[in-house]
Amino acid sequence: MATILHIETSDKVTSVAVSQDGQVIFDKEDREGMNHAEHIGGYVDEALSFADSHAIPFDAVAVSQGPGSYTGLRIGTSMAKGVCFGRDLKLVAVPTLQLMCVPVLLRELVPEGGVLCPMLDARRMEVYAAIYDRGLRELRPTQADVVTADTYLPWLAQGPVYFLGPGAAKCMDTISHPNAHLIEGIEPTAKWMMPLAERRFLRGEFEDVAYFIPFYLKDYVAKLPKKLV
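Computed from a prediction, not measured in an experiment: that's the story for all the values here.

Novice: Sorry, what's going on with the pairing of strand β5 (residues 90-94) here?
Specialist: Walk down a regular strand and you will see the side chains alternate between the two sheet faces. In terms of burial, β5 is largely enclosed, as four of its five residues are buried. Of the pairings in the sheet, the one linking strand β4 (residues 60-64) to β5 comprises five bridges and is parallel in character. Looking at β5, one finds that Ala-62 is bridged to Val-92. For the handedness criterion, the β-α-β arrangement of β4, helix α2 (residues 70-87) and β5 is classed as right-handed.

Novice: Whenever I open this one, the sheet that holds strand β7 (residues 126-132) confuses me. Can you help?
Specialist: In sheet architecture, strand pairing relies on hydrogen bonds along the backbone and comes in two forms, parallel and antiparallel. If you walk across this open sheet you meet the five strands as β8-β7-β6-β9-β10, and the pairing is mixed. The sheet is open, and its two edges are formed by β8 (138-146) and β10 (180-183), each paired on a single side. Ignoring strand direction, the axes of neighbouring strands in this sheet form an average angle of 25 degrees. With six bridges joining them, β7 and β8 adopt antiparallel strand pairing. The residue bridging Tyr-128 from the neighbouring strand is Ala-144, located in β8.

Novice: Sorry if this is basic, but what is going on with the environment of Lys-90 here?
Specialist: Relative to the helices and strands, Lys-90 is located in strand β5. Each C-alpha atom of the pair Lys-90 and Ala-60 lies 4.5 Å from the other, and the pair is 30 residues apart in sequence. When sequence neighbours within four positions are dropped, the list of residues in contact with Lys-90 reads Asp-59, Ala-60, Val-61, Cys-84 and Phe-206.

Novice: Teacher, can you tell me more about helix α1 (residues 36-53) here?
Specialist: Helical periodicity: at 3.6 residues per turn, an α-helix aligns residues three or four positions apart in one direction. Helix length check: α1, at 18 residues, gives a terminal C-alpha distance of 25 Å against a target of 26 Å (1.5 Å per residue), a fit within 8%. Regarding α1, the residues found buried are His-36, His-39, Ile-40, Tyr-43, Val-44, Ala-47, Leu-48 and Ala-51. The buried side chains of α1 occupy one side of the element, clustering within an arc of 160 degrees when seen end-on. Exposed residues lying more than 90 degrees from the buried face of α1 are Glu-38 and Ser-53. Each element contacted by the buried residues of α1 is listed here: β1 (3-8), β2 (14-20), β3 (23-30) and α2. One or two steps after α1, the chain reaches Ala-55, where phi turns positive at roughly 55 degrees.

Quick notes on the rules
- Residues numbered from 1 in each chain as written.
- Predicted model: local features only at pLDDT ≥ 70, side-chain atom pairs only at ≥ 80, totals over all residues.
- Heavy atoms only, no water.
- Buried < 20%, exposed > 50% of the residue type's maximum accessible area, 1.4 Å probe, protein only.
- Helix = DSSP H or I, 4+ residues; strand = E, 2+ residues; numbered from the N terminus.
- Pairing = 2+ DSSP bridges.
- Right-handed = clockwise from strand over helix to strand, strands pointing away.
- Axes fitted to C-alpha atoms, helices over the stretch in contact; angles between N-to-C directions.
- Contact = heavy atoms within 4.5 Å.
- Expected span 1.5 Å × (residues − 1).
- Arc of directions from axis to C-beta.

Printed below as a string of structure tokens:
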């Protein structure tokens, strides 16, 4: 097992957590809006001081890799890289949509045969979404969706689909299918990163600290002329 610093700034919540051997031992959140730049430095300092005061050495830093707010992801990634360079730690990236499924599965809100569709709000009737089964296997990768009554029909025709996350509520009237279910109150936060980050740490699935970029930036960089990259 490992001691990991978790940083999540993909949406409206700014959050930092520390986990040790599968338990969250420090957790700090701000839910007042897009205040990442204002709070993230102080929260990380508190987390590091907490661990240092208890003589707890860190093994890695985990960061939410997106999709999400362009500015938020940049702030979280920069902070994670800074700690990794400063303390010579490994970097672990956790998919934002996948981590939103963690509290739902821990609370056993999805029955056998159901699938999860975590959503982050984009604009109008657009969301970033993916489809996972109860084992968090990716059934459909993350992509930008313009939500209509037919967008998720292939999945809804097969059984119950549980929509969750900051982009889900606005879609339910449009989806309007008997197999569509809304789970409210789910947001990406650092404390829910723990099981996914630990699994990646144990598998040795680390990022290159110098070259890692989050989901939004990967799409942006891919569109640049090669001479600018």
